[in-house]
Amino acid sequence: MNRQDFLVILTAIVGLIIIAAQFFTVEFIKTTGAELQSWGVIIAALALGLAAVNLSRIHIRRITLRRANWQYSVALVGILFIQAIIGFIDTSGGEVYNFGFENILTPSGAMMFALLAFWIASAAYRAFTARSVDSAILLISATVVMLGNAPIGQAIYEGMPDIKDWIMDVPNMAAQRGIMIGAGIGAIALGIRILMGIERGHLGGGDE
Amino acid sequence: MMSKIRNIDRRIIYAILLVSLAFPIFAPPGLPFAVGNPARNAYAAIDALEPGSLVVLSFDYAPTSADEINPQAMAVMRHLFEQKRGVRVVTLGFWPSGPIFAEINFRALEAEGVTDGLVYGEDYANFGYIAGAENAMAALATDPTDAFRRDREGNRTADLPIMQGVATGSDIDLLVHFGSGTPGVPEYIRQLVDPYGVPMVAGLAAVSVAGSIPYYQAGQVIGYFNGLRGAAEYEQLYGVAGPGTSAMDSFSFGHLTIIAFVLIGNITYFLDPDRKKRK
Amino acid sequence: MEQGLVFNFISLLIVSAAIIVMIQRARGGLDIQLRSIAGIDALEEAVGRATEMGRIVHFSPGIAGLDGTTAAQTFAGLETLGYVAKLVARYGARMIVTIRQPTVLPLAEEVVRQAYMAEGAIEAYDEDSVVYLSSEQFAYVAGAMGIINREKAAANILLGGFWAESLMLVEAAFHVGAISIAGTAMISQVPFFVAASDYTLIGEELYAAGAICSGNPIRLGSIAGQDYGKLYAMLILIVGALATTAGSSVIRDLIAK
Amino acid sequence: METIGTWLAAFCTLGLMSFAIGENPWYRLMEHIYVGIAAAHSLVMGWENLQNNAIYPIIEDGEFIKVIPVVLGILLYARFIKGQMWLARFPMAVLVGIGVGLTVRGTITSDIVNQINATLVPINSIDNFLIFFGVLTVLMFFYFTRKDTNPVFNYSGIFGRYVMMIAFGALFGNAAMGRMSLMIGRIRFLLIDWLGVAS
């Protein structure tokens, strides 16, 4: 049995215990499942450092080799170490740490996603044309929902929010549910392929 | 001519949008807006909390959505601390920025004196962040004080009076989840709401709302806030204007601008004589 | 057995059994045909047009990596890349593949090289047709937009995991008049693809496209097994709704077991 | 302290906003600073979580079993050592096992059975018919192992596709509002908190 088989079996055993812990009232399986979950929290906590180590490695090499735009890498590595050291000493609830969080991280994150309002505006003007029945239905539905969300929509037509609520609660709900059931069966299929050892994917998360 | 209009510099488009969002701040027309059922149901669920019941405020968003969701969290915390004294409030998070936003919102209310008289560890507590996304939520559901061993102050959570009698997730009387992605509503429903029967209210970034409606219609989510609009509706129900309400007028003109862009874009596209025939 | 979960557990066994059986039968040689997908049929037309106009085909397998729930979308993107690369080699067109994840770069290069070899045009294989731009989301999209605009891409193909930046790519492609084929399982991005591109693959259609393009038996078998799962869901839905309409709650009680 | 912080936040906001005008050094600087400080935040929160869930339990409560996940977690960093990548696969195998287990056991109940159960509505109104028929046809749209000429699937697939287009319109409309809220937040910060030209 080589290394690859052992890893597949390890993943399968852990996965099956977690599944069984939900469906069977066998005390031993439930406590093992709970212990595995607490292990998962600890491993995931350690995994959080990977991004910082990876970034430091890439950007320190870029600085030492004087690659193009290495000055930006100095800023990246600098802020990373300063904020991390403050965080370790002052803790993440501390005032000094909070200064960096509230005045650098939060405004930057907010502006990064606020830029999307610009892209939506320029795409709405230049690219969102009703060339097909699909895009025509989509643009009409989007317009009604936008008018339903904004007070001016209600000023134009009194029942606008109700139409928007109907779109959200009937067609949108039905379509999202159909997609959810299909995607759910797909997620189970992915899980089975991983447990069978014929799929290498791993499981994580992120921002929409 | 048509294609000239279509290909105006995109920076002009951005400038027009900026102006449409900015000028209502100077001269707000204060247009009225209706409160939807989702926000009304969420408000009712919070208002119905009995003294001694345990509500968990779960902060699961990043700085990228803070401007949408902080106003919701502020409105809910104000409601709990002003009118629902005696209800045990625990804040925690499954996104690294979660507990920091819980503290920022708490400090803002503290400055207004809303939190005077609250005893840490009895009336409220902040349990911080644990890693692992859906797995961390499952750990909370299995045993909250084992998942969150220490709170942000360093106390053992099991020793805090606020957690007496709380053995599993089913001892949570209401979950209010503020979220903008993954892990979020689906993960909470899979690991806590369905298996342990915990009623859930969701304060969502607008982009996450459409995908969560099936859970709302199935009763797994009993109420939700639709982004900054949801915050404004909550502020109106509670009677204290906040950042949500003050953004409504900018919404109106911003949305009209986007709709106008779509209309102009389509008109010039279909009237453009040399529209390249694709097929 | 946990009270109230019996029906759920049996459902899980039924769906899992269908998937495992169909994968094994597909590996055993069962020929599985999937319905055609508009976006995939249009790939040949897009590459043909790029050859005619002497302008590039831009391809992106998404910005997701090889781990996490979105890994499956990257693999589907790479499978369709193999098919598109074969067309490009056959037609003698020029393609630029832009990459965001460092881990995806070697796989993409390998897929394109294999495709040229399969078409017997290995000498036409261009080493830097597969380009790593940046691992930062918006820096990657700025680079890709630059390529689409500078090269005046004739075809823009986006198949894989995409997030908020997808909007900028489809707008840039529309602006240069490229024929756009885009697909992702990230439902929050599909609206922008539908509104701004000519062909859109919605959600699971991306995985089906990957299976069609690669002919991989495990993927085809899995999709066939998942279809049985959908039949199972549809069956309960129809019988249950009719029962409820007739006033009986037999199905609801069964589910509650 | 207040004004320095506000000026710093304004510097970050305007730096990133300048990307709309065009790629420039100020934007590139801010983008790198954002990536760096975000990575630092994950590191700090990961460290505090590790203290609370592993280090204190081991040192103070004597739960020595927690040493195993700590060792497994440290193995994750073997990927940075040349040739030792395989060591990092063990903790990943455990995380993947837990992830697969949680997803499979939760999805069947919350995303499939409970969703079907909530759709068993009496078909006695237009809305209920649209909900029932909408879910059914969307499922049929994603049914792949069939011939192109199958009329039942073709026509129901078209209906399912149009229902999805309405849903994507709703998604588009809400996404527009969401992104606009963030822009409003930035504009209010610049005009009110920073410049103080409005209230």
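Residues numbered from 1 in each chain as written. Chains lettered and ligands numbered in written order. Predicted model: local features only at pLDDT ≥ 70, side-chain atom pairs only at ≥ 80, totals over all residues. Heavy atoms only, no water.

### Regarding the nonpolar core
Now for step 1: Counting residues in hydrophobic clusters, the biggest one holds 270 residues, and the most contacted among them are Trp119(A), Phe128(A), Leu57(B), Met95(C) and Phe168(D).
Now for step 2: The element best represented in this core is helix H6 (residues 151–194) of chain D, accounting for 19 residues.
Now for step 3: With residues near it in sequence (within four places) discarded, Trp119(A) still touches Tyr14(B), Phe138(C), Leu167(C), Met168(C), Glu171(C), Phe19(D) and Ala20(D).
Now for step 4: With 43 residues, the next largest nonpolar core counts Ile181(A), Leu190(A), Ala233(C) and Val113(D) among its residues. (Core = buried A, V, L, I, M, F, W, Y, C linked by side-chain atoms within 4.5 Å. Buried < 20%, exposed > 50% of the residue type's maximum accessible area, 1.4 Å probe, protein only. Helix = DSSP H or I, 4+ residues; strand = E, 2+ residues; numbered from the N terminus. Contact = heavy atoms within 4.5 Å.)

### Looking at the interface of chain A and chain D
Now for step 1: Taken together, the contacts link 108 residues of chain A with 107 residues of chain D.
Now for step 2: Both faces combined, the contact of chain A with chain D buries some 9,800 Å², and carbon together with sulfur accounts for 80% of it.
Now for step 3: For the chain A face of the interface with chain D, the top three residues by lost area are Ile43(A), Leu46(A) and Tyr72(A), together amounting to 7%.
Now for step 4: Our count for the chain A to chain D interface comes out at 2 salt bridges. (Buried area = accessible area lost by both parts, 1.4 Å probe. Salt bridge = Lys/Arg side-chain N within 4 Å of Asp/Glu carboxyl O.)

### Points about the sheet that holds strand S6 (residues 199–202) of chain C
Residues and elements named next belong to chain C.
Now for step 1: Sheet architecture is open: 6 strands sit in the order S3-S2-S1-S4-S5-S6, paired in parallel fashion. With partners counted over all chains shown, the strands left at the sheet margins are strand S3 (130–132) and S6, one partner each. Strand-to-strand, the axes of this sheet are offset by a mean angle of 15°, without reference to chain direction.
Now for step 2: In this sheet, strand S4 (residues 155–161) lies alongside strand S1 (residues 57–62) in parallel orientation, the contact comprising 5 bridges. Counterpart to His58 in the pairing with S4 is Asn156.
Now for step 3: Of the strands in this sheet, S1, S4, strand S5 (179–184) and S6 are in contact with helix H2 (residues 38–53), which crosses S5 at around 145°. (Pairing = 2+ DSSP bridges. Axes fitted to C-alpha atoms, helices over the stretch in contact; angles between N-to-C directions.)

### Digging into the interface of chain B and chain A
Interfaces are often sized by the amount of accessible area the parts lose when they come together.
Now for step 1: Each side of the interface is counted separately: chain B has 66 residues, and chain A has 54 residues.
Now for step 2: Across the contact surface, chain B and chain A share 1 salt bridge.
Now for step 3: As a salt-bridge pair, Glu102(A) and Arg107(B) come within 3.4 Å of each other at their nearest N and O atoms.
Now for step 4: Broken down by secondary-structure element, the contributors of at least two residues to the side of chain B that touches chain A are helix H1 (2–6), helix H2 (10–26), helix H4 (66–83), helix H5 (98–111), helix H6 (134–142), helix H9 (209–217) and helix H11 (243–271) of chain B.
Now for step 5: The biggest single contributor to the side of chain B that touches chain A is H11(B), with 14 residues.
Now for step 6: Here the side of chain B that touches chain A is built from residues that sort into 41 nonpolar, 16 polar and 9 charged. (Nonpolar A, V, L, I, M, F, W, Y, C, P; charged D, E, K, R; others polar.)

### What about H9(B)?
Every α-helix winds through 3.6 residues per turn, so residues three or four apart in the chain are directed the same way.
Now for step 1: With respect to burial, H9(B) is a largely interior element, 7 of its 9 residues being buried.
Now for step 2: In the segment just after H9(B), Gly219(B) is the residue with positive phi, at about 85°.

### A few points about H2(C)
All names here are of chain C.
Now for step 1: The terminal C-alpha atoms of H2, which comprises 16 residues, lie 23 Å apart, in line with the 22 Å expected from a rise of 1.5 Å per residue.
Now for step 2: Its axis deflected by about 25° at Glu44, H2 carries its strongest bend there.
Now for step 3: Where H2 is concerned, the buried positions are Gly39, Ile40, Ala42, Leu43, Ala46, Val47, Gly48, Arg49 and Ala50.
Now for step 4: Two residues or fewer past H2, Gly54 is found with a positive phi of approximately 65°. (Expected span 1.5 Å × (residues − 1). Bend = angle between axes of the 7 residues up to and from the residue.)

### Structural notes on the packing of aromatic side chains
Now for step 1: Under the definition given, this model contains 39 aromatic pairs over all chains.
Now for step 2: With a centroid separation of 5.3 Å and 90° between ring planes, the pair formed by Tyr269(B) and Phe270(B) is classed as edge-to-face.
Now for step 3: Its relative accessible area of 10% is what places Tyr269(B) among the buried residues.
Now for step 4: Taking the relative accessible area as the measure of exposure, Phe270(B) reaches 39% and is therefore partly exposed.
Now for step 5: Plain terms: the ring middles of Phe133(D) and Phe159(D) are 4.9 Å apart, the flat faces sit at 55° to each other, and that makes the pair tilted. Of this pair, Phe133(D) sits in helix H5 (residues 126–141) while Phe159(D) is found in helix H6, placing the two residues 26 residues apart along the sequence.
Now for step 6: A connected cluster of aromatic rings, assembled from ring pairs, spans Phe101(A), Phe59(B), Tyr61(B), Phe101(B) and Phe178(B). (Phe/Tyr/Trp six-rings, centres within 6.5 Å; stacked < 30°, edge-to-face > 60°.)

### Describing unusual backbone geometry
If a residue is not glycine, its phi is most likely negative; likewise, a peptide bond is most likely trans.
Now for step 1: The linkage connecting Thr182(B) with the following residue, Pro183(B), adopts the cis geometry, with an omega of 0°.
Now for step 2: Note on placement: Pro183(B) falls in the loop between strand S4 (174–179) and helix H8 (185–196).
Now for step 3: Positive phi is not limited to glycine here, since Asn69(A) has a value of about 60°.
Now for step 4: Judged by its relative accessible area of 35%, Asn69(A) falls in the partly exposed class.

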